[in-house]
Every structure is written in structure tokens, then in C-alpha cells.
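# Structural features, examined
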Amino acid sequence: MNRGCRSYAKGEMIFYAEEAPSGLFCVHKGQVKIYKVGRDGREQIVRLAGSGDIVGYRSLMSGEAYSAYAVPLERAEICFIPKGVFFSVLSANPGLAQKMLTLISRELREAEEKIVDLAQRPVSERLAETLLMLKETYGLERDMATLNVRMTRIDLANIVGTATESVSRVLSKLKQEKIVDIHGRRIKIIDHPALVARANIND
């Protein structure tokens, strides 16, 4: 595919809600958040993307405007594949079309699960699961314990769907219980089994 890559600064908009898609974005390097803005002006992070992930595909394939915003959490290299090029390759490659449908189906399922989580699960479980999700998405640093991503308390709250104060309170409790250690935006998982237990999920 013909594609062009460029560097985006932390917080620089990749695409806006209500903007018509003109192509597909692929994260070559870095970390990206996709978020919506509620009626109260508050962000709700609906997805995180890392190296190798594609973003903006649902709107491109449905022919709709973007329903969310995408910005890097840090400096990122983002590749752009023009709409015409993408659809030409898609029409010539049924396997790729099937993969795209699978991605959209997975995204829908995850959105449905998130709605249930926000309605029924306590903040402590949702935050613990978020930390595990960050580990799965971005990996760990060389010490094999510190999350390889820097998240502000605000961003964590916007993923979990709660107030920043609630996130800070739960993180402090996790630190007191020696499940995690925290230095600024660096979060180190000390007791992985205990974190899984707190999330109330099967690892």
C-alpha cells in the first residue's frame, strides 16, 4: 500500500469527531487514545492503541463521520493510508475484508462489555482491570514490572469512567497493600496475582 508516515506530538489531534474520514491510520510507533466527549464536556476513553494497531477503520468502512477523537499519549509515528488505496486493496483481498469485519465485531463486543462494567462493577475492580489491560496493550519496561505507558490520573479516570479523585484513592489503597508501586505517572505492578484477584477476572 502507498502510505505516508508523520510524527505527531503528544496531544496533537490525529482526527476529530464529526470529521469525514479520508483514509486509515496505523500506529507505527507510540501510544494513542481514542475518546468521546460527553454532554458535560468530560472525556471518556473508549480505546487505546499501540504499535501495529489501526484506528478510524469503523467510520471509514461505514462511510460515517468519526464519532470520537484520536490523540497520542506521547510523541507517535502515525502512518496514513488513503481511502482509495485502502478500498482497492480491500476489494482485491477477501481475507483482509474478513479481518476488518472481525475487528469491527470485536470492537462492538468490547463496547458492550464496557457498558456492563460501568453499570455494575465497582471502581476498584475496573481500575485493577484497566492496569492489567495497559500491561497487555503496551507491555512492561525492562524490569518486567513497570507499565510501559505513562497515564495521567485524569486519563485513567476517563478509561474507568469515574472521578479522578476516586482513581487516586484506589491507587493509594493498592500501593498501601503493596499490589502496585507508584512514582508520578509510573506504575509498577508488584503483586500480579493480587491485582488479578482485585479485578475479579480470570487471568
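What counts, and where the lines are drawn
- Residues numbered from 1 in each chain as written.
- Predicted model: local features only at pLDDT ≥ 70, side-chain atom pairs only at ≥ 80, totals over all residues.
- Heavy atoms only, no water.
- Pairing = 2+ DSSP bridges.
- Helix = DSSP H or I, 4+ residues; strand = E, 2+ residues; numbered from the N terminus.
- Contact = heavy atoms within 4.5 Å.
- Axes fitted to C-alpha atoms, helices over the stretch in contact; angles between N-to-C directions.
- Parallel < 35°, antiparallel > 145°, perpendicular 65-115°, else oblique.
- Nonpolar A, V, L, I, M, F, W, Y, C, P; charged D, E, K, R; others polar.
- Core = buried A, V, L, I, M, F, W, Y, C linked by side-chain atoms within 4.5 Å.
- Buried < 20%, exposed > 50% of the residue type's maximum accessible area, 1.4 Å probe, protein only.
- Disulfide = S-S within 2.5 Å.

### Here's the deal with the pairing of strand β4 (residues 43-49)
Strand direction decides the pairing type here: strand β3 (residues 32-37) and β4, joined by six bridges, are antiparallel. From the neighbouring strand, Val37 faces β4, where its bridge partner is Glu43.

### A closer look at the pairing of strand β7 (residues 76-82)
Note that strand β1 (residues 4-8) and β7 share five bridges and pair antiparallel. Across the sheet, the residue bridging to Gly4 is Phe80, located in β7. Relative to β7, strand β2 (residues 23-29) runs antiparallel, the two being bridged by six bridges. Of the residues in β7, the one forming a bridge with Gly23 is Pro82.

### Quick notes on the sheet that holds β7
Reading across from one edge, β1-β7-β2-β5 is the order of the four strands in this open sheet, with antiparallel pairing throughout. Strands with a single pairing partner mark the edges of an open sheet, and in this sheet they are β1 and β5 (54-55). Examined bridge by bridge, β2 and β5 share two bridges and lie antiparallel to one another. The residue of β5 that forms the bridge with Phe25 is Val55. On top of the sheet, helix α2 (residues 83-92) reaches β2 and β7; it is set at about 70° to β7, its chief contact.

### With respect to the packing of helix α5 (residues 153-160) against helix α6 (residues 164-176)
Each pair of packed helices can be summarised by the angle the axes make with each other and by the distance between the axes. At a closest axis distance of 8 Å, the pairing of α5 and α6 adopts a crossing angle of 100°. By the angle between their axes, α5 is roughly perpendicular relative to α6. Across the interface between the two elements, Arg153, Ile154, Leu156 and Ala157 from α5 touch Thr164, Val167, Ser168 and Leu171 from α6. Here the residues of the contact of α5 with α6 sort into five nonpolar, two polar and one charged.

### As for the nonpolar core
Within the largest apolar cluster, 30 residues are counted, with the highest numbers of intra-cluster contacts made by Leu131, Leu134, Leu171 and Leu195. Contributions of two or more residues to this core are made by β4, α4 (123-138), α5, α6, β8 (180-183), β9 (186-189) and α7 (192-199). When residues of this core are assigned to their parent elements, the largest contribution, six residues, is made by α4. Those residues within four positions of Leu134 in sequence are excluded, and the remaining contacts are Leu48, Gly139, Leu147, Val149, Met151 and Leu156. In this structure, Phe25, Val32, Val55 and Tyr66 belong to the second largest nonpolar core, which totals 14 residues.

### Focus on the state of the cysteines
Within this structure, the stated rule accounts for one disulfide. Paired through a disulfide, Cys5 and Cys79 show a sulfur-sulfur distance of 1.9 Å. Because the sign of the S-S torsion sets the handedness, a value of about 85° for the bond joining Cys5 and Cys79 places this disulfide among the right-handed ones. Taken together, the positions of Cys5 in strand β1 and Cys79 in strand β7 put the pair 74 residues apart, joining distant regions of the chain. Unpaired in terms of disulfides, Cys26 finds its nearest cysteine sulfur in Cys79, a separation of 5.7 Å. By relative accessible area, Cys26 is classed as buried at 14%.

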